[in-house]
Amino acid sequence: MANAASSAHIPEVVLGSSVGPKSMPVLAFGTAADNIQPNLLKTAVLEAIKLGYRHFDTAAIYGSEQTLGEAIKEALKLGLVASRDQLFITSKLWSNDAHPHLVIPALKKSLENLQLEYLDLYLIHLPISAKPGKLMVGELVSAPVDLMPLDFKGVWAAMEESQKLGLTKSIGVSNFSSKKTETILSFATIPPSVNQVEMSPFWQQKKLRDFCKANGIVVTAFSPLGAMGTGWGTNHVLESKVLQDIAEARGKTIAQVCIRWLYQVGATLAVKSYNKERLKQNLQVFDWELSEDDLNKINQIPQHKMMLKEELVSADGSSSPYKSVEELWDGEI
Ligand code: A2P
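Residues numbered from 1 in each chain as written. Predicted model: local features only at pLDDT ≥ 70, side-chain atom pairs only at ≥ 80, totals over all residues. Heavy atoms only, no water.

With an unreviewed UniProt entry as reference, the protein chain is termed NADP-dependent oxidoreductase domain-containing protein, source organism Prunus persica.

What follows is the structure, given as structure tokens:
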């Protein structure tokens, strides 16, 4: 819980099938970025903890686990948080470890990087596997190589095992369509707690949100502001006229309107900033509301998926199990 007197309180959502049960702060600090300097990230994490952030999102492929781990250690040493269990840490299984026998070793490696004994949430990063091998940090923007079909059932069973072993409090998926999430649900004994996907006012994910809600799965938005400054980002969101008009009328910023919109439609999110003022600004979204009229205007924004991930597709089937982006996203594009 965010309980320091000077810091913001971030609402939490209870995850259905976690050990505990576990509450997850709805707003996370995201650490996916190209070439972020470790000292900048560490400073930003410590600043974020001072401001009230308690949920930190990383992944094996981001190359940010070690720095995040150092920042957490420092925060505990400085007494910025009283104990590890006041933080919520999410990490993700990269594709070349997405094989049943490699899930637990990969999770243990993430824990070693983070200097932690358990994660709060562990996600399958993508619905695809790749030949086992050395993890190439920096593949985030390009693609995993030597793609293979994901053994959905075997990998999920290993994810369940990792929760049962106490290596993580909860498990979930990322970049999974409704259909692929349904596949997991068809054999899961522990259903996924979370599906983390691209979501913003420009890619609202209505179908997936309805599906997840009906199945007790929390949706987490990544790139909620359009991920400007990253290799996959767009300025559509932060330069949107519709969002700007709403922001001006409410005396808020476009980023705040976006974050508030996500919260109001029931999503959680991981937002990135390495700037103290913007980190603070992004938390100031829980004591005001968008009106029905604002929500209707946002609903009418033309939809555009930013991350199609064409690099995971091979039209002739020679280098990927997915022959088209339609197949990868099961038509949710
Ligand atoms: P910065 O680190 O300079 O604040 P996303 O969360 O969608 O991936 O977007 C991240 C990008 O949005 C980063 O470039 C970040 O830059 C910028 N950003 C984060 N918060 C704000 C804000 N409140 N206003 C404007 N830009 C923001």
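We are not done yet, so read on.
**A few points about the layout of surface pockets**
Under the convention used in this document: Points on a 1 Å grid, built from protein atoms alone, make a cavity when a 1.4 Å probe fits but cannot get out and make a pocket when they are open with protein on both sides within 12 Å along at least 5 of 7 lines; residues with an atom within 4 Å of a point are the lining residues. Grid points are joined across faces, edges and corners, and a volume is the space filled by probe spheres set on the points. Each helix corresponds to a stretch of at least 4 residues labelled H or I by DSSP, and each strand to a stretch of at least 2 residues labelled E; elements are numbered beginning at the N terminus. Each residue is assigned to one of three groups, with Ala, Val, Leu, Ile, Met, Phe, Trp, Tyr, Cys and Pro labelled nonpolar, Asp, Glu, Lys and Arg labelled charged, and all others, Gly among them, labelled polar.
Of the volumes computed, that of the second largest pocket is approximately 410 Å³. Looking at the second largest pocket, it is lined by 21 residues, and the ones nearest its centre are Arg209, Lys213, Val265, Gly266 and Ala267. When contributions to the lining of the second largest pocket are tallied by element, the ones reaching two or more residues are helix H6 (206-214), strand S11 (218-222), helix H8 (254-264) and helix H10 (292-299). Considering every element that reaches the lining of the second largest pocket, the biggest residue donor is H6, with five residues. Looking at the lining of the second largest pocket residue by residue, the classes come out as 11 nonpolar, five polar and five charged.

**Observations regarding the site of the ligand**
Stated formally: Nearness of a residue to a molecule or strand requires only that one of the residue's heavy atoms be within 4 Å of it. Identification of polar contacts relies on pairs of N or O atoms within 3.5 Å, with a donor-acceptor requirement for protein atoms, meaning one able to donate a hydrogen and the other able to accept it, and with residues adjacent in sequence counted only if both atoms are side-chain atoms. Methods summary: accessible areas were calculated by the Shrake-Rupley approach with a probe of 1.4 Å, and residue burial reflects only the protein chains presented.
Taken together, 16 residues lie near the ligand, and Leu225, Met228, Lys272, Ser273 and Arg278 sit nearest. Contact between the ligand and Gly226: an oxygen atom at 3.1 Å from a main-chain N or O atom of the residue. One of the side-chain N or O atoms of Lys272 is found 2.6 Å from an oxygen atom in the ligand. Protein contact buries 82% of the 570 Å² of open area that the ligand shows by itself. Of the residues assigned to the shell around the ligand, the class counts are eight nonpolar, six polar and two charged.

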